Amino acid sequence: MDAVEKANLERQKRWAKDQKVGEGAYAVVYRGREFATGRKVAIKKIKVGQFKDGLDMSAIREVKYLRELRHQNVIELLDVFSSKTNLNLVLEFLDSDLEMIIKDRSLVFLPADIKSWMAMTFRGLEFCHRNFILHRDLKPNNLLVASDGHLKIADFGLARDFADPGYKMTCQVITRWYRPPELLFGSRYYGSAVDIWSVGTIFAELMLRIPYLPGESDMDQLKTIFRALGTPTEEDWPGHTKLPDYIPVGQFPKTPLRDLFTAASADALNLLNKCLIYEPRKRISAKEALFHPYFTALPYPTHPSKLPKCTTHLSARALEEVDGNVEMNSTGPGVKANNSRLKRKLSSPDEDSKARLIARRLDFTKQTPHS
Amino acid sequence: MLTVEPAPSASPTPKRPIYESSTQFRNWRFSPEQLSQLRSTLNASAVAVIRNTLENEKPGSSSVVSFLTVEEEHLLVKLYVTKITQLCGLFRFPEEVEATAITYLKRFYLKNTVMDWHPKNVMLTALFLATKTTNNPISLEAYTTHIPKTAPSDVLDLEFLVAQSLGFEFAVWHSHRALWGMILDMQNIPDCPSDTKPIYESALAHVRASRLTDAELVYTPSQIALAALSLAAPEVASQWSLSKSPSEPSSSLLSSETLHAVVETIKSLITSAGHPPHVEAVREVDRRLKLCKNPEKIVGSHAYLAKKAEEEKKAEAKRNKKASETSQAMKDGDPFGNELIKAPIGLVDYDDEDDD
Ligand SMILES: Nc1ncnc2c1ncn2[C@@H]1O[C@H](COP(=O)(O)OP(=O)(O)OP(=O)(O)O)[C@@H](O)[C@H]1O
Ligand SMILES: [Mg+2]
């Protein structure tokens with residue numbers, strides 16, 4: 001046997017694969033362990049045989065970026081090995097994600113808890129951006145939470161580097177509710193500000209406990225955004241009417257964030273506002289956000305170990321969803337909220353994966369080789 | 001080994017600390033001595049294995065074979081570096097793809113030998129992989145139909161092997177990027193030529209020539225870029241270094257003397273080795289390679305079939321073992337009816353069937 005194959009086998013032998021805990025658009029995830037230490041891990045198995053173009057782009061992106069990134073708030077890729085036609089990513093095991101935590105009605109969030117999650121998200125994101133990596137799929141479900149409470153950015157299947165500012169990129173990224181207006185208008189030259197918008201909508205969702213801007217289609221997404229934040233003027237966002245897919249969707253007045261976020265502190269709203277600025281270049285950067293007064297003002301962020309935790313675990317939920325068990329009877333804050341939670345469970349995962357497939361397909365069919 | 005620490009950062013943003021945490025910095029830099037040691041070891045062990053296989057097939061047969069030397073292997077790889085450049089021209093792939101594929105090819109042959117894996121197919125796979133890892137994918141069909149005598153399987157069969165050989169470390173830091181950073185910096189240097197384009201183009205040609213050498217396996221992208229700039233416009237290069245030096249933290253900065261020495265070494269490496277090999281010489285090597293290639297790697301050969309049969313036997317034994325374990329488990333549950341029988345079967349994860 002070749003030395004290379006032998007080394008691969010040695011790596012493979014370090015890890016035990018236990019039961020299946022979930023399934024994503026292109027992979028099956030197992031719980032596993034490191035034989036030597038008993039350390040719990042997640043093994044993400046990607047079938048390669050099913051792709052006629054070999055190793056699939058999502059897998060390649062995930063491996064490429066996670067191999068380089070080491071940060072407390074970015075999921076750690078411990079190892080990679082192949083077995084027959086599968087690629088296996090060994091990841092640190094993470095118990096839950098922010099989506100589950102937000103949805104868990106038995107949990108109460110203190111302002112300090114939200115501040116802690118936001119600080120960890122911005123720290124992880126600042127590190128990605130410092131490394132010239134755009135995530136392009138930030139949403140509560142991709143912010144995983146370890147048993148000790150640390151939040152980690154995960155799922156780099158749509159990530160890319162952005163060292164070259166003049167590069168054309170695909171606008172078919174980021175799950176709709178978290179997608180910024182410049183992408184909805186078809187902008188092909190964008191930067192780290194797209195991730196910041198997503199973080200802004202996640203911040204709002206943490207305060208509201210329901211998705212902040214749940215559009216039902218790409219067109220409706222723009223309307224939903226403008227209804228919440230007011231239709232941008234040329235002064236707010238110079239040149240936006242010249243973007244490739246610009247389309248007027250109606251005039252909506254600006255309403256102060258305060259009207260909806262009644263309990264938020266002034267600092268919190270100021271930061272939220274800066275994440276949701278229409279003009280991408282004026283939007284706050286991850287680094288600036290870390291120096292925002294919100295993070296230094298009282299109350300201090302909750303220590304990760306003291307953050308609210310889900311009682312049900314990721315694995316339990318994942319299997320439940322596979323069975324099609326949707327909790328129809330959970331008691332939500334109101335009809336609207338309940339409704340959108342249902343929609344989220346019933347239709348959004350589906351739509352998500354469709355959007356992702358489109359993004360992946362685009363990678364192979366577009367005229368210019370850049371995405 | 002890493003006595004030569006990185007040159008000043010190549011762009012306005014502080015890139016150096018990020019570079020130092022990269023897999024390239026940590027795992028893919030060697031001293032020239034380490035490189036030649038590594039290659040000799042690979043060559044020697046490949047020769048031993050192939051000799052053994054040949055002897056098993058026909059005693060005495062290996063004595064007449066003349067195996068490739070390290071230098072000859074290297075020459076062949078170098079030829080295929082130039083083929084990557086040709087193909088990238090044909091497909092109009094961006095520079096990033098070309099540079100990445102070349103790096104992959106070189107790294108591959110720090111883990112494998114030419115006698116086991118002919119660079120032609122490895123090159124095709126490395127290039128296809130590079131289109132994906134740099135986010136410039138094209139369909140395999142479009143790729144192979146434009147390359148004569150190439151089937152999709154020629155590319156895909158080796159994809160895992162290449163990815164494994166790279167340690168699944170796909171990100172590469174390139175000297176052409178570092179060079180671009182320097183050119184941008186130059187606009188802030190007082191008495192610099194206003195038109196930087198000719199300097200850039202000439203320096204870029206030297207960067208490209210450096211891809212035919214071992215430079216990237218020894219030096220940092222900025223060091224190589226600086227050497228290329230220095231070959232193109234020595235005064236501009238030294239001005240650039242001067243303008244950079246004071247702002248660098250002294251701890252990891254090369255003293256300007258050391259940096260100067262490093263740059264001179266790279267310059268002479270580019271001048272002496274940065275050109276394509278003579279086709280005649282390579283043709284001779286390739287002819288001999290046909291005679292000393294590892295027969296286990298030649299589809300259809302006796303040794304290949306023997307190896308496959310051996311692997312199949314092992315897999316069969318494993319399947320039998322699994323089956324008998326399952327049936328034993330069922331028997332164990334048997335005296336009490338069927339409830340217990342279901343348990344072990346239910347635990348079989350069908351998704352996992354194809355796995356080992
Ligand atoms: N590091 C991990 N630790 C524990 N469980 C995980 C981990 N990563 C993933 N999982 C589980 O596996 C499931 C599938 O994860 P994966 O990242 O492949 O896809 P996804 O994010 O659900 O979907 P998509 O690929 O469409 O984004 C997750 O929903 C989660 O239940
Ligand atoms: Mg996900």
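Since the structure is predicted, the reported quantities are computational estimates derived from the model, not experimental observations.

Structural notes on the overall build of chain B
- Each helix and strand counted, chain B has 18 helices and zero strands in total.
- Within chain B, the proportion of its 356 residues that are buried is 50%.
- When contacts within chain B are restricted to residue pairs at least 6 apart in sequence, those whose partners lie at least 24 apart make up 78%.
- Looking at chain B as shown, the accessible area adds up to about 17,300 Å², and 59% of this sits on carbon and sulfur atoms.

A closer look at unusual backbone geometry
- In this chain, Leu298 of chain A is followed by Pro299 of chain A through a cis amide linkage whose omega measures -5°.
- By the secondary structure assignment, Pro299 of chain A is in the loop between helix H10 (293-296) and helix H11 (314-322).
- For Asn135 of chain B, which is not glycine, the phi dihedral falls at a positive 65°.
- Tracing the chain through its elements places Asn135 of chain B in the loop between helix H6 (119-133) and helix H7 (140-145).

Focus: the domain arrangement of chain B
Residue and element names in this part refer to chain B.
- In terms of domain boundaries, chain B breaks down into domain 1 (28-172) and domain 2 (175-273).
- Spacing between the C-alpha centres of domain 1 and domain 2 amounts to 29 Å.
- Counting residues at the interface gives 19 residues for domain 1, matched by 15 residues for domain 2.
- Summing both sides of the interface, domain 1 and domain 2 together bury roughly 1,500 Å²; the carbon and sulfur share of this comes to 50%.
- Taken as a group, Arg29, Glu95 and Lys106 account for 37% of the area that domain 1 buries against domain 2, more than any other trio of residues on that side.
- Notably, a salt bridge pairs Glu95 with Arg208, separated by 2.5 Å at the nearest N-O pair.
- Our enumeration of links across domain 1 and domain 2 arrives at eleven residue pairs in polar contact (both at pLDDT 80 or more).
- Elements supplying a minimum of two residues to the side of domain 1 that touches domain 2: helix H3 (32-57), helix H4 (70-91) and helix H5 (95-108).
- Broken down by element, the residue count for the side of domain 1 that touches domain 2 peaks at eight residues, all from H5.
- Among the residues forming the side of domain 1 that touches domain 2, the class breakdown is eight nonpolar, three polar and eight charged.

Some points on the nonpolar core
- Residues Leu87, Leu98, Phe122 and Phe156 of chain A together with Tyr143 of chain B are the most contacted members of the largest nonpolar core, which totals 149 residues.
- Once you skip the residues sitting within four places of it in the chain, Phe156 of chain A turns out to touch Arg61, Glu62, Tyr65, Leu66, Leu69, Val74, Cys128, Ile133 and His135 of chain A.
- Within the second largest apolar cluster, 36 residues are counted, among which are Phe30, Leu35, Met182 and Leu217 of chain B.

Things to note about the state of the cysteines
- Evaluated as defined, the whole model comprises zero disulfides over all chains.
- Cys275 of chain A forms no disulfide, and the closest cysteine sulfur to it belongs to Cys128 of chain A, at a distance of 16 Å.

What to know about the UniProt feature "domain: Cyclin-like" (unreviewed entry) in chain B
- In the numbering used here, UniProt assigns the "domain: Cyclin-like" (unreviewed entry) feature to residues 82-164 of chain B.
- Summarising residues 82-164 of chain B: 67% helix, 0% strand, and an end-to-end C-alpha distance of 24 Å.

Observations concerning the coordination of the magnesium ion (ligand 2)
Residue and element names in this part refer to chain A.
- Coordination of the magnesium ion (ligand 2) by the protein is provided by Asn142 (OD1) and Asp155 (OD), with metal-donor distances spanning 2.2 to 2.4 Å. One end of the pair, Asn142, is in the loop between strand E7 (133-134) and strand E8 (143-145); the other, Asp155, is in the loop between strand E9 (151-153) and strand E10 (160-161), with 13 residues separating them in the sequence. Considered together, Asn142 and Asp155 belong to a single accessibility category, that of buried residues.

Details of the UniProt feature "active site" (unreviewed entry) in chain A
Residue and element names in this part refer to chain A.
- In the UniProt entry, the feature "active site" (unreviewed entry) is given for Asp137.
- In this fold, Asp137 is placed in the loop between E7 and E8.
- In this structure Asp137 comes out as buried when scored by relative accessible area, which is 2%.

Focus on helix H4 (residues 111-130) of chain A
Residue and element names in this part refer to chain A.
- Between its first and last C-alpha, H4 extends 28 Å over 20 residues, near the 28 Å set by a 1.5 Å rise per residue.
- Of all 20 residues that make up H4, 17 are buried, and the element is covered over most of its length.
- Two residues or fewer after H4 comes Phe132, characterised by a positive phi angle close to 60°.

Thoughts on the pattern of salt bridges
Residues and elements named next belong to chain A.
- Inspection of every chain in the model, using the stated rule, returns 29 salt bridges over all chains.
- Close ionic contact of Arg283 with Glu182 constitutes a salt bridge, the shortest N to O distance being 2.8 Å. Placement of the pair is Arg283 in the loop between helix H8 (266-275) and helix H9 (286-290) and Glu182 in helix H5 (residues 181-184), with a sequence separation of 101 residues. Summarising the burial analysis for this pair, Arg283 and Glu182 share the class buried.
- Put simply, Arg11, Arg14, Glu34 and Asp79 are held in one network by salt bridges that share partners.

Details of the UniProt feature "binding site: ATP" (unreviewed entry) in chain A
All names here are of chain A.
- Following the UniProt record, the feature "binding site: ATP" (unreviewed entry) maps to Val21, Gly22, Glu23, Gly24, Ala25, Tyr26, Ala27, Val28, Val29, Lys44 and Lys45 here. Separation in sequence by 25 residues is not matched in space for these annotated residues, since their most distant C-alpha atoms are only 14.3 Å apart.
- Tracing the chain through its elements places Glu23 in strand E1 (residues 15-23).
- For Glu23, the side chain forms a polar contact with the side chain of Lys20, separated by 3.2 Å.
- Residue placement: Val28 occurs in strand E2 (residues 27-34).
- The exposure class assigned to Val28 is buried, which follows from its relative accessible area of 8%.

Considering empty space enclosed by the protein
All names here are of chain B.
- Evaluated as defined, the whole model comprises six cavities of 30 Å³ or more.
- The space that makes up the second largest cavity amounts to roughly 210 Å³.
- Taken together, the elements giving at least two residues each to the lining of the second largest cavity come down to H3 and H4.
- Ranked by residues supplied to the lining of the second largest cavity, first place goes to H4 with six residues.

Observations regarding the sheet that holds strand E4 (residues 77-83) of chain A
All names here are of chain A.
- Taken together, five strands build an open sheet; the order of strands is E1-E2-E3-E5-E4 and the sheet is antiparallel. The open sheet has two edge strands, E1 and E4, and neither has a second partner. Strand-to-strand twist of the sheet, defined as the mean angle between neighbouring strand axes without regard to direction, takes the value 30°.
- Taken together, the six bridges between E1 and E2 define a ladder with antiparallel strand orientation. Looking at the pairing, Ala16 lines up with Arg33 of E2.

Observations regarding the confidence of the model for chain B
All names here are of chain B.
- Chain-level statistics for chain B give a pLDDT mean of 82 and a share of 80% at 70 or above.
- Low pLDDT, under 50, characterises residues 1-16; the predicted model gives this stretch 51 contacts beyond four residues in sequence or across chains.
- Low pLDDT, under 50, characterises residues 329-356; the predicted model gives this stretch 30 contacts beyond four residues in sequence or across chains.
- For this predicted complex, the interface confidence score (ipTM) comes to 0.82, while the overall pTM stands at 0.83.

As for the packing of aromatic side chains
Residues and elements named next belong to chain A.
- A full pass over the atoms with the stated rule returns 21 aromatic pairs over all chains.
- Here Trp197 and Tyr278 contribute two aromatic rings whose centre-to-centre distance is 6.3 Å and whose plane-to-plane angle is 25°, an arrangement assigned as stacked. Here Trp197, found in helix H6 (residues 193-208), pairs with Tyr278, found in the loop between H8 and H9; they are 81 residues apart in sequence, far enough to count as distant. Taken as a pair, Trp197 and Tyr278 share a single burial class, namely buried.
- Ring centres of Phe203 and Tyr294 lie 5.4 Å apart, and the angle between their planes is 50°; on these two criteria the pair is classed as tilted. Here the residue Phe203 occupies a position in helix H6, and Tyr294 occupies one in helix H10, the gap between them amounting to 91 residues.
- Three or more aromatic residues joined by ring pairs make a cluster, and in this case those are Phe185, Trp197, Phe226, Trp237, Tyr246 and Tyr278.
- Above the plane of the ring of Tyr30 lies Lys17, whose end atom (NZ or CZ) is 4.8 Å from the centre.
- Seen from the ring of Tyr294, Lys115 lies directly overhead, with NZ or CZ sitting 4.7 Å from the centre.

Conventions used here
Residues numbered from 1 in each chain as written. Chains lettered and ligands numbered in written order. Predicted model: local features only at pLDDT ≥ 70, side-chain atom pairs only at ≥ 80, totals over all residues. Heavy atoms only, no water. Helix = DSSP H or I, 4+ residues; strand = E, 2+ residues; numbered from the N terminus. Buried < 20%, exposed > 50% of the residue type's maximum accessible area, 1.4 Å probe, protein only. Contact = heavy atoms within 4.5 Å. Areas by Shrake-Rupley, 256 points an atom, 1.4 Å probe, with all protein chains shown as cover. Domains from an automatic or database assignment. Buried area = accessible area lost by both parts, 1.4 Å probe. Salt bridge = Lys/Arg side-chain N within 4 Å of Asp/Glu carboxyl O. Polar contact = N/O pair within 3.5 Å; in protein donor to acceptor, adjacent residues only side chain to side chain. Nonpolar A, V, L, I, M, F, W, Y, C, P; charged D, E, K, R; others polar. Core = buried A, V, L, I, M, F, W, Y, C linked by side-chain atoms within 4.5 Å. Disulfide = S-S within 2.5 Å. UniProt positions renumbered as here; feature names shortened; annotations may be inferred. Donors = N, O, S within 2.8 Å, 3.2 Å for Na, K, Ca; no water. Expected span 1.5 Å × (residues − 1). 1 Å grid on protein atoms, 1.4 Å probe; cavity = no way out; pocket = protein on both sides within 12 Å on 5 of 7 lines; lining within 4 Å. Points joined across faces, edges and corners; volume = space filled by probe spheres on them. Pairing = 2+ DSSP bridges. Axes fitted to C-alpha atoms, helices over the stretch in contact; angles between N-to-C directions. pLDDT = per-residue confidence, 0-100. Phe/Tyr/Trp six-rings, centres within 6.5 Å; stacked < 30°, edge-to-face > 60°. Lys NZ or Arg CZ within 6 Å of the ring centre and 35° of its normal.

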